[in-house]
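Breakdown of the fold
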Amino acid sequence: MRFLILPLFWGLVLAARFAAFSVEPFGTQILNLDTGVTTLPQGGILTDNENGLRLRAGYIEYKEGVFIRARALELLSQKESFQAQALEHDIPRQEARYTRLSFSNPDFKNLQAERALALLEEGILVGKGILAEKPALKAELLVVDLKRREALVGGNFSLREGQRVLTGTGPSARLLIQFSFGRLKADTRVPQGHRLLRYAVP
């Protein structure tokens, strides 16, 4: 295999070819000339100025237009923050898979998921093994529509809303959560054929 160790300023050259990303390595930057994979073993920062995204990680590996892999990472956008143990982003499919995710936005505070899948074009986040600080939620499965500010809870769950506690047991249990003007509305009656149900796969 052939490798090329790139000087730090080379990230500026790669930026023009790596979609809208600029690359700021923290140390060595290694390009595998056979595979086209670039590795930042000491980590670095990828910034997508076009979409307002900033990825900072302790280890990054990517291939132009194909994938981004990162470990010990933080991903920031204008409205959301993601922290995770690991990330695998499939660029053509616009899918991002997280391991041990911690997520926050105006509706959720410190939402933790053992595993999560972000469908970027659809604005959907699907998480499993859920524990959230706000709202006070514990669940097997959570589907969040980031665009419409709705969420579907599935499987065993417990949601504390003021003095009220909503619970569900079993794989067919469902809870629909809607956010509006800083308030939360939760209902165990989920309309048949609701669009989020198709993502609620155990």
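Numbers given to residues run from 1 along each chain, matching the order in which its sequence is written. At least 70 in pLDDT is required for a residue's local features to be given in this predicted model, at least 80 for side-chain atom pairs to be given and counted, and no such filter applies to totals for whole chains, interfaces and linings, which use all residues. Values shown for side chains rest on all heavy atoms present in the structure; no hydrogens or waters enter the calculation.

Section: the packing of aromatic side chains
What counts is decided by this rule: When the centres of two rings from Phe, Tyr and Trp lie within 6.5 Å, Trp using its six-membered ring, the rings pair. Their planes under 30 degrees apart give stacked, over 60 give edge-to-face, and anything left gives tilted. Secondary structure elements follow DSSP: runs of H or I no shorter than four residues count as helices, runs of E no shorter than two count as strands, and numbering proceeds from the N terminus. Type-normalised accessible area, obtained with a 1.4 Å probe on protein chains alone, sets the label of each residue: buried when under 20%, exposed when over 50%, and partly exposed for intermediate values. Two limits define a charge over a ring: the Lys NZ or Arg CZ must be within 6 Å of the ring centre, and within 35 degrees of the ring normal.
Using the criterion set out here, one finds three aromatic pairs in the structure. Ring centres of Phe 82 and Phe 103 lie 4.9 Å apart, and the angle between their planes is 50°; on these two criteria the pair is classed as tilted. One end of the pair, Phe 82, is in strand β8 (residues 81-90); the other, Phe 103, is in strand β9 (residues 95-104), and 21 residues separate them in sequence. On the accessibility criterion, Phe 82 (8% relative accessible area) is buried. What makes Phe 103 buried here is its relative accessible area of 0%. Relative to Phe 179, the ring of Phe 108 has its centre 5.2 Å away and its plane inclined at 70°; by these criteria the two rings are edge-to-face. You can see Phe 108 sitting in the loop between β9 and β10 (109-119) and its partner Phe 179 sitting in strand β15 (residues 174-180), a full 71 residues away along the chain. Across the pair, Phe 179 and Phe 108 agree in class, each one buried. Cluster of aromatic residues (ring-pair linked, three or more members): Phe 82, Tyr 98 and Phe 103. Sitting over the ring of Phe 67, Arg 69 keeps its end group 4.1 Å from the ring centre.

Concerning the pairing of strand β13 (residues 150-161)
Applicable threshold: Here the rule is simple: two strands pair whenever DSSP picks up at least two bridges between them.
Bridge count between strand β12 (residues 136-145) and β13: nine bridges; the pairing is antiparallel. Paired with Asp 145 across the strands is Glu 150, a residue of β13. Turn length for the β12-β13 hairpin, with the two strands adjacent in sequence and antiparallel, is four residues, and the turn residue Arg 149 shows positive phi of about 60°. Pairing between β13 and β15: five bridges, direction antiparallel. Opposite Glu 150, over in β15, you have Gln 178 as the bridge partner.

A few points about the nonpolar core
The following threshold applies: Among buried residues, those of type Ala, Val, Leu, Ile, Met, Phe, Trp, Tyr and Cys that are joined through side-chain atoms within 4.5 Å constitute a nonpolar core. It only takes one pair of heavy atoms within 4.5 Å for two residues to be counted as in contact.
Counting 41 residues, the largest nonpolar core has Tyr 98 and Leu 142 as its most contacted members. Apart from residues lying up to four places away in sequence, Tyr 98 is in contact with Leu 73, Leu 75, Phe 82, Ala 84, Ala 86, Leu 87, Glu 114, Arg 115, Ala 116 and Ala 118. Residues Val 126, Leu 152, Leu 176 and Ala 200 belong to the second largest nonpolar core, which totals 11 residues.

Section: the pattern of salt bridges
Threshold: Salt bridges, as used here, are contacts in which a Lys or Arg side-chain nitrogen is within 4 Å of a carboxyl oxygen on Asp or Glu.
The full count for this structure, using the stated rule, is 11 salt bridges. For Glu 95, the salt bridge is made with Arg 97, and the minimal N-O distance between the two is 3.9 Å. Assessed through its relative accessible area of 48%, Arg 97 is described here as partly exposed. For Glu 133, the salt bridge is made with Lys 109, and the minimal N-O distance between the two is 3.6 Å. Placement of the pair is Glu 133 in strand β11 (residues 124-134) and Lys 109 in strand β10, with a sequence separation of 24 residues.

Observations regarding the environment of Tyr 62
Here Tyr 62 shows up in strand β6 (residues 53-63). Assessed through its relative accessible area of 2%, Tyr 62 is described here as buried. Sequence separation between Tyr 62 and Gly 36 is 26 residues; the distance between their C-alpha atoms is 8.6 Å.

Examining empty space enclosed by the protein
The following threshold applies: Note on definitions: the grid is 1 Å and covers protein atoms alone; a cavity is a set of points where a 1.4 Å probe fits but cannot get out; a pocket is an open set with protein on both sides within 12 Å along at least five of seven lines; lining residues have an atom within 4 Å of a point. Grid points are joined across faces, edges and corners, and a volume is the space filled by probe spheres set on the points. Throughout, the ten residues Ala, Val, Leu, Ile, Met, Phe, Trp, Tyr, Cys and Pro are labelled nonpolar, Asp, Glu, Lys and Arg are labelled charged, and all others, Gly among them, are labelled polar.
Within the structure shown, the criterion is met by two cavities of 30 Å³ or more. By volume, the largest cavity is sized at about 40 Å³. Class assignment for the residues of the lining of the largest cavity results in four nonpolar, one polar and four charged. Of the pockets and cavities examined, the second largest cavity occupies roughly 30 Å³. Leu 101, Leu 111, Ala 113, Ala 116, Leu 125, Val 126, Gly 127, Leu 142 and Val 144 together form the lining of the second largest cavity. Elements supplying a minimum of two residues to the lining of the second largest cavity: β10, β11 and β12.

Let's talk about the environment of Asn 110
Keep this limit in mind: Polar contact criterion, stated in full: a pair of N or O atoms within 3.5 Å, where within protein one must be able to donate a hydrogen and the other to accept it, and residues adjacent in sequence count only if both atoms are side-chain atoms.
You can see Asn 110 is positioned in strand β10. Taking the relative accessible area as the measure of exposure, Asn 110 reaches 25% and is therefore partly exposed. With 25 residues separating them along the chain, Asn 110 and Pro 135 place their C-alpha atoms 9.4 Å apart. At a separation of 3.0 Å, a polar atom in the side chain of Asn 110 contacts the side chain of Ser 102.

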